[in-house]
Amino acid sequence: MDSHEMMIEVMEYNEETVKTYEVPVDNMEGIKALSNIPEGIVRWINIDSAHTPELIHAIGSAFQIHPLVIENLDNDIQRAKIEAYSGFLHMVLKMIYLTDESLVIEHLNMILGEHYMLTIGNSEGDVFSETRKHILTKGSAVRKGGADYLFYMLFDAVVDGYFAVLERIDDQIDDLEEEIMLETSQEHLFEIRRIKKLLLKLNKHIWPLRDAASMMKHEGFNLISYGVEPYIRDVYNHVIQALDSVETYRELLSGLVDIHLSNSSNRLNEIMRVLTVISTIFIPLTFIAGVYGMNFKYMPELSMPLGYFVTWGVMLVIAAGMLILFKRKGWF
Amino acid sequence: MDSHEMMIEVMEYNEETVKTYEVPVDNMEGIKALSNIPEGIVRWINIDSAHTPELIHAIGSAFQIHPLVIENLDNDIQRAKIEAYSGFLHMVLKMIYLTDESLVIEHLNMILGEHYMLTIGNSEGDVFSETRKHILTKGSAVRKGGADYLFYMLFDAVVDGYFAVLERIDDQIDDLEEEIMLETSQEHLFEIRRIKKLLLKLNKHIWPLRDAASMMKHEGFNLISYGVEPYIRDVYNHVIQALDSVETYRELLSGLVDIHLSNSSNRLNEIMRVLTVISTIFIPLTFIAGVYGMNFKYMPELSMPLGYFVTWGVMLVIAAGMLILFKRKGWF
Amino acid sequence: MDSHEMMIEVMEYNEETVKTYEVPVDNMEGIKALSNIPEGIVRWINIDSAHTPELIHAIGSAFQIHPLVIENLDNDIQRAKIEAYSGFLHMVLKMIYLTDESLVIEHLNMILGEHYMLTIGNSEGDVFSETRKHILTKGSAVRKGGADYLFYMLFDAVVDGYFAVLERIDDQIDDLEEEIMLETSQEHLFEIRRIKKLLLKLNKHIWPLRDAASMMKHEGFNLISYGVEPYIRDVYNHVIQALDSVETYRELLSGLVDIHLSNSSNRLNEIMRVLTVISTIFIPLTFIAGVYGMNFKYMPELSMPLGYFVTWGVMLVIAAGMLILFKRKGWF
Amino acid sequence: MDSHEMMIEVMEYNEETVKTYEVPVDNMEGIKALSNIPEGIVRWINIDSAHTPELIHAIGSAFQIHPLVIENLDNDIQRAKIEAYSGFLHMVLKMIYLTDESLVIEHLNMILGEHYMLTIGNSEGDVFSETRKHILTKGSAVRKGGADYLFYMLFDAVVDGYFAVLERIDDQIDDLEEEIMLETSQEHLFEIRRIKKLLLKLNKHIWPLRDAASMMKHEGFNLISYGVEPYIRDVYNHVIQALDSVETYRELLSGLVDIHLSNSSNRLNEIMRVLTVISTIFIPLTFIAGVYGMNFKYMPELSMPLGYFVTWGVMLVIAAGMLILFKRKGWF
Amino acid sequence: MDSHEMMIEVMEYNEETVKTYEVPVDNMEGIKALSNIPEGIVRWINIDSAHTPELIHAIGSAFQIHPLVIENLDNDIQRAKIEAYSGFLHMVLKMIYLTDESLVIEHLNMILGEHYMLTIGNSEGDVFSETRKHILTKGSAVRKGGADYLFYMLFDAVVDGYFAVLERIDDQIDDLEEEIMLETSQEHLFEIRRIKKLLLKLNKHIWPLRDAASMMKHEGFNLISYGVEPYIRDVYNHVIQALDSVETYRELLSGLVDIHLSNSSNRLNEIMRVLTVISTIFIPLTFIAGVYGMNFKYMPELSMPLGYFVTWGVMLVIAAGMLILFKRKGWF
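Basis of the calculations
- Every chain's residues receive numbers from 1 upward, in the order its sequence appears when written.
- Chains and ligands are labelled sequentially in the order written, the chains with letters from A and the ligands with numbers from 1.
- Predicted model: local features are reported for residues with pLDDT of at least 70 only, side-chain atom pairs are reported and counted for 80 or more only, and whole-chain, interface and lining totals are derived from all residues.
- Linking buried Ala, Val, Leu, Ile, Met, Phe, Trp, Tyr and Cys residues through C-beta atoms within 7 Å yields a set, and such a set is a nonpolar core.
- Backbone-placed C-beta atoms define the burial measure: a residue is buried with 20 or more other C-beta atoms within 10 Å of its own, exposed with 12 or fewer, and partly exposed in between.
- Note that contacts rest on C-beta atoms placed from the backbone: two residues are in contact if these are within 7 Å.
- A run of H or I in DSSP counts as a helix once it spans at least four residues, and a run of E counts as a strand once it spans at least two, with each numbered from the N terminus.
- Gly is placed with the polar residues, together with every amino acid not listed as nonpolar (Ala, Val, Leu, Ile, Met, Phe, Trp, Tyr, Cys and Pro) or charged (Asp, Glu, Lys and Arg).
- For the least-squares superposition of copies, only C-alpha atoms count, and only for residues with pLDDT at least 70 in both.
- pLDDT gives the predictor's per-residue confidence on a scale running from 0 to 100.
- At least two DSSP bridges between two strands are needed for those strands to be called paired.
- Angles run from 0 to 180 degrees between N-to-C directions of axes, and those axes are lines fitted to C-alpha atoms, restricted for helices to the stretch in contact.
- Domain extents, as shown, originate in an automatic or database domain assignment.

Core analysis: the biggest nonpolar cluster contains 380 residues, and A:Leu150, B:Leu150, C:Leu150, D:Leu150 and E:Leu150 have the highest contact counts within it. Those residues in contact with C:Leu150 that lie beyond four places of it in its chain are C:Val42, C:Trp44, C:Met117, C:Val142 and C:Gly145. Counting residues in hydrophobic clusters, the runner-up holds 95 residues, among them A:Leu275, D:Phe287, D:Met294 and E:Phe287.

Right, here's the structure in full:
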């Protein structure tokens, strides 16, 4: 196990100072001390995939987290939500990003106390590098704000990540649309399905956030100060926008299914048109040839000197007539 | 009738002690005594499929249950719901599990009083073995809580059972999807329908739970203490999650119908392509052969020394031309 | 006109006594007297299809019914609803039952006053025979209750009737499903349409009841006593359940359309497969036969001693090759 | 311009008296005097298509109508709505009727003041002849009521007009259904589209009325007295019913599209079945004939005395076999 | 850079006077002075695409705009919305117009203060020329009103712009419908998709306005005076109407897809009908000709004097029979 994984990352700051340090995950005394926050300081404690049940319980009892929250911290099939408890807010979020082939979803717990922010993820990476930079920059808004402003910045960073995913999907739909307009292939339907599944997953994880953000917007939890509320409303608007996009992409995809099916049926029409044109021209001619291939003893035409040429003439007239008819019907 | 069926199962406990015993279903005095609960004790009375109308009425009058509730206890087509009466809460739930072929649904009545919990099912089995273990474990949360915490545990156990069912369905949809992508068969449509019916049933039984749980979450019945409310909210979130999954699976299934239909139409295209290629190549050639099979007395080509070979040449040129044309159209 | 049609049916009861009698529809004095109800008595006045405008107005003025209600009593295209007026509740309901071929819908007006219940239908029959039995049974709940309990019983009887209809529809859908899986017929589509129309009608008549029942549940009209409210909630749950079933059946039906269409397209595939297999085997062979049926003077193969047999050999090889190819494609 | 178009129609009444007269549209003094209403009188001023901007402004300033309302009176693309202003209610409605081919929609403004009713339309005709008769009838409800009751009557007359339209559409759908079941024609699809467009328009114009009527029902504007409220609720119910019907008709139409498509695909199946049966029977037989039409010098069968008859026999056996096979498959 | 781009456009007015001038974007002192508004004056400051971050911050600090609003002014992927801050309202809107091929969407920020109106766009053009004319006209409503009335006029001008776009789309759908009814082409499907995408975009941008307008309508922000509220409700009604139209157009388009698919399938039917009629007539005849082309030594018919003519007769009878059959089936 590398050292990074064994450490809890701590940033603490106020307008003047900022301090970054790490606490080993097995230093129970150090962990306990984290809940003891000096006056006027905001402390952000970030725990990544290294957390053990012991660590979780130590943190939980140090910060007086409700047992139900502690129990669920490791449960990554939890739905996104926000719940108010006495003394803290518990938010569950999904960090989402797209690799070459599939959607990666990481579970994130955010606990906002009066002077601290706890983030507990289930993987090593996160989307908070920009936030860290802001904290380290003297005079930035986050340095002037409280833990609730930090909460907003982290929440916003996660939601911004969704838009990167949505843009990738947008590109993929555009590419697919161009291909579908050019040629018909069963592969396209599988691609439509793959993207549709992506969108279903995105929707599943972003949708509950809408309720959560709406709750924050309307109920105004007392841990979120009046000054931070407009920021939360802003994140709420982003969440709605992400959901709008998901909905739009789903409509675009279902339109592509129509085009695919119509292409396929057009293709069948074309094939049948070729068969019909060729068959209906040659079948009557072959019949005529068959007639004069009969071996009846008495067939007057056979002995006519021009019989053969007249037959050819009749055949050509029939063929030409058919061609004109099909031309008029627009069949070729 | 075996002895199990003739007994009412009783567990009573507080933080220090726990006692498990059975009361025969025909011991009316014993049943009446059950409503007489010592101070500080939580009593859980579990009645399974063995209940008779007499037993139900004895229990009902002992615990002063509303006549409407008593009347409906045996009515297993009741919808899931929660209703508050003076002195008790009545919840109707469905326990759901999946056997090899079909969905088994068991009807369950839960009655929560101030110091007791009544569970009345319509079958021998239940999903409460874990709960029983927790009650028997000294120091567990349930032993420290009241009847409302026991209510939560039982409710949670039922809802957890839904996820097992949903996982099975998830696997079945994945399997089906793979098969559908490989080959086209009318069987697939029947399988889609079978799963869709499962999902309709699941939805039918879980959906009303959403209203019930939402009511509990928002109205805060006075029998559910403030400390237990976060747990109820948690179960509510699970119910919502189960419904989300049902919805997602339904969308996935309807996408599979599209793929099935498109496969079927692709197959028709392929069949017609073969017919068209073979027919349009050979029909003109057969016509030419027919022409020189005519018996006209005067057909100059017939007596040409190379007539036969020239005819073959023309035929080959026509066939090759057709093949090149079809190749260009991507028909084979 | 038979005597039954000329009579108003009256039942009046309290816990101890019950009395049943009839009042001729043209006895205006008797009708006026009906509104004069002795202390402690509940009076149920049931008027069936025989009502004339005069009768309606006499009843209306006797019971001080609002003119709008009186005006609409005969208007059977009214939507189901409940409206509170000062001194009485007016409910409009549809009694629904299924005959062999179609859905019969009967319009019913229910007017609940403090001590009376007025029911005015537009046909001779009704679904209240069970209710009459209960009233005649000493000690039954209805005898102990007030007019509001009678209102509940009548409302419940009507709603219970819906489930009988829904069960019949369930059976019909099951039968249809089995038939559709066995064979394809345009008749099935007409049958689907017939059942869908039934469901549309059912929905149309039950849906407004949902609003009405919900209003009763939430607003608690003052004519419905606190003790009767749980019963009304129970009927409300039944209404919701009926609507759930209608919705489920509609989804099942629309799935059947998919199966029907897929069957039809499968059938076309099968037909085309047969045509293609037969055609693509024999068309090349016929061409070969045609070639050696040509009358060119110089065709070396014709004079070869084994020419004929070699030709047969070639033909068999081609046919076998084609068959193997089609077998591999799974075309037969 | 005929005299009718140059006149404003005025009816004024109370329980005892009624007076009908006309005011020329250019008599500005007379128009101004209209707002001066004697005690205890209800005055209905009806202006049809003849209104000029001057007239509108004269009326507006006489009755102290809000400038926004005056400005919009001529704007017939306004949505149906009701708005409360101080001193008057402004309702926008659409009168709808169906001619042979299309839906006619007329824009109507209704302004309800304490003692007057202003109706301003954009055409000569209206649906108020019944209302006029009621006003002229001594003892009718409208004569006893205030301006709000007149408002109800006019509103009700407009909504009743919708049902006449819906009935016509119902007939047209029934006719179309019968035709579609009998034969397949592209015309049917155009007819479905025509009716669907009608329904879209109806929905567009009736839907906003639902909000308006619901607002009246729930908010109880103070210009509408307590006694008139049940009547308004009644109109609200009619509006809901009209919308229900529109919804039902749309579902019926979309079911007809399914039947049309299925018919068309059935027809293709039938065509292909004929082609396949004929082709697969004769193609092998033609091949056999072709074989014995070959000119090989040594073909033993040709010299057999019964060769020809045996060949016929073989052909008949093959044809019969095919027929039996197709019969079994149910292809004819 | 031309002079226009370097200027901030300012209009200030009251009932008596109006003044129009420009402030260079780099005149920081002048910009600061803008927030200093004389008693009784309404000032409209319009900034177009020329704005730099410095300008934005100067304006922001002069008018004490919330930092979040300043930060987002340039962010043109913001959703339409209205937000109340202490001292000002912030509205985000999209100006939409249609060029030959695509929808142009311009982002617009509107900030309403007590005595000023700030509009900040991201392009040179706008839709406010009518509004400017009104301001310059003495005695116009806007000159009598406050900044809130100006806010209404600008908002209304933007929403009116949507209807021009919708009318164009309406025309395009009508044209497309006519074409689709005349002939089948894959191009139509692409055109349907193009318009559908337009509508999706329109919906995306208008929909949030509905929430915004509804909020204004219901909450009554204190910066919008009682007298202006009816005007805001009017704009709200226009927004709803625009959304209704979008919805209607989407339904019309999806109906066009049905017609396109049905046309395509009709066309296939027609093609197959021709193939089937020609094939089934000539295939049996060709078989007969084949039979008498066989070279059996003993074929009695061949030596019959009338054999050839009888054969022709049989062939004609068969052909006529087939034609009659197909005629009856309505196949040509």
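Right, let's get into the interface of chain B and chain A. With 38 residues of chain B in contact, the opposing surface of chain A contributes 39 residues. Per-element tally for the side of chain B that touches chain A: the top contributor is helix H8 (residues 229-291) of chain B, with 30 residues. Class assignment for the residues of the side of chain B that touches chain A results in 16 nonpolar, 15 polar and 7 charged.

On to unusual backbone geometry. Residues and elements named next belong to chain A. For glutamine 64, which is not glycine, the phi torsion reads 55° and is therefore positive. With respect to the helices and strands, glutamine 64 occurs in the loop between helix H2 (53-62) and helix H3 (67-72). The exposed category is assigned to glutamine 64, around which 12 C-beta atoms lie within 10 Å.

A few words now on the relation of the copies chain B and chain A. Turning chain B through 72° and shifting it by 0.0 Å along the axis lays it on chain A, with an RMSD of 0.1 Å. The two molecules are tied by a five-fold rotation axis, judged by turn and shift. Relative to the rotation axis, the C-alpha of B:Gly293 is the closest in chain B, positioned 4.6 Å from it.

The subject of this paragraph is the confidence of the model for chain A. All names here are of chain A. Of the residues in chain A, 95% have a pLDDT of 70 or more, and the chain-wide mean is 87. Ranking the helices and strands of chain A by mean pLDDT puts strand S3 (residues 42-47) first, with 92, and H3 last, with 85. We note a pTM of 0.84 for the whole complex and an ipTM of 0.79 for its interfaces.

For the rest of this paragraph, the subject is the sheet that holds strand S7 (residues 116-121) of chain B. Residues and elements named next belong to chain B. Judged by pairing direction, the sheet is mixed, and its 7 strands sit side by side in the order S2-S1-S3-S7-S6-S5-S4 without closing on themselves. Of all strands in the sheet, those bounded by a partner on one side alone are strand S2 (18-24) and strand S4 (81-85). When the angles between neighbouring strand axes are averaged without regard to direction, this sheet yields 20°. As paired elements, strand S1 (residues 7-13) and strand S3 (residues 42-47) share 5 bridges and run antiparallel to each other. Bridging across to S3, valine 10 finds its partner in isoleucine 45. Of the strands in this sheet, S3, strand S5 (88-98), strand S6 (103-112) and S7 touch helix H6 (residues 147-182), which is tilted by about 25° from S5.

When cut into domains, chain A gives domain 1 (3-262) and domain 2 (271-328). Computed over C-alpha atoms only, the centres of domain 1 of chain A and domain 2 of chain A are separated by 77 Å.

Attention now goes to the environment of C:Ala157. Residue and element names in this part refer to chain C. Relative to the helices and strands, alanine 157 is located in helix H6 (residues 147-182). Through-space distance from the C-alpha of alanine 157 to that of threonine 131 is 7.7 Å; in sequence the pair is 26 residues apart. Setting aside chain neighbours within four positions, we find alanine 157 in contact with Val127, Phe128, Glu130 and Thr131.

Two modes of strand pairing occur in sheets, parallel and antiparallel, and in both the strands are linked by backbone hydrogen bonds. Residues and elements named next belong to chain D. An order of S2-S1-S3-S7-S6-S5-S4 is seen for the 7 strands of this open sheet, with the pairing classed as mixed. Two strands lie at the open edges of the sheet, namely strand S2 (18-24) and strand S4 (81-85), each paired on one side alone. Going across the sheet, the axis of each strand differs from the next one's by a mean of 20°, ignoring polarity. Looking at chain direction, S4 and strand S5 (residues 88-98) are connected through 5 bridges and run antiparallel. Paired with alanine 84 across the two strands is leucine 89, which belongs to S5. Packing of helix H6 (residues 147-182) onto the sheet brings it into contact with strand S3 (42-47), S5, strand S6 (103-112) and strand S7 (116-121), and relative to S5 it is tilted by some 25°.

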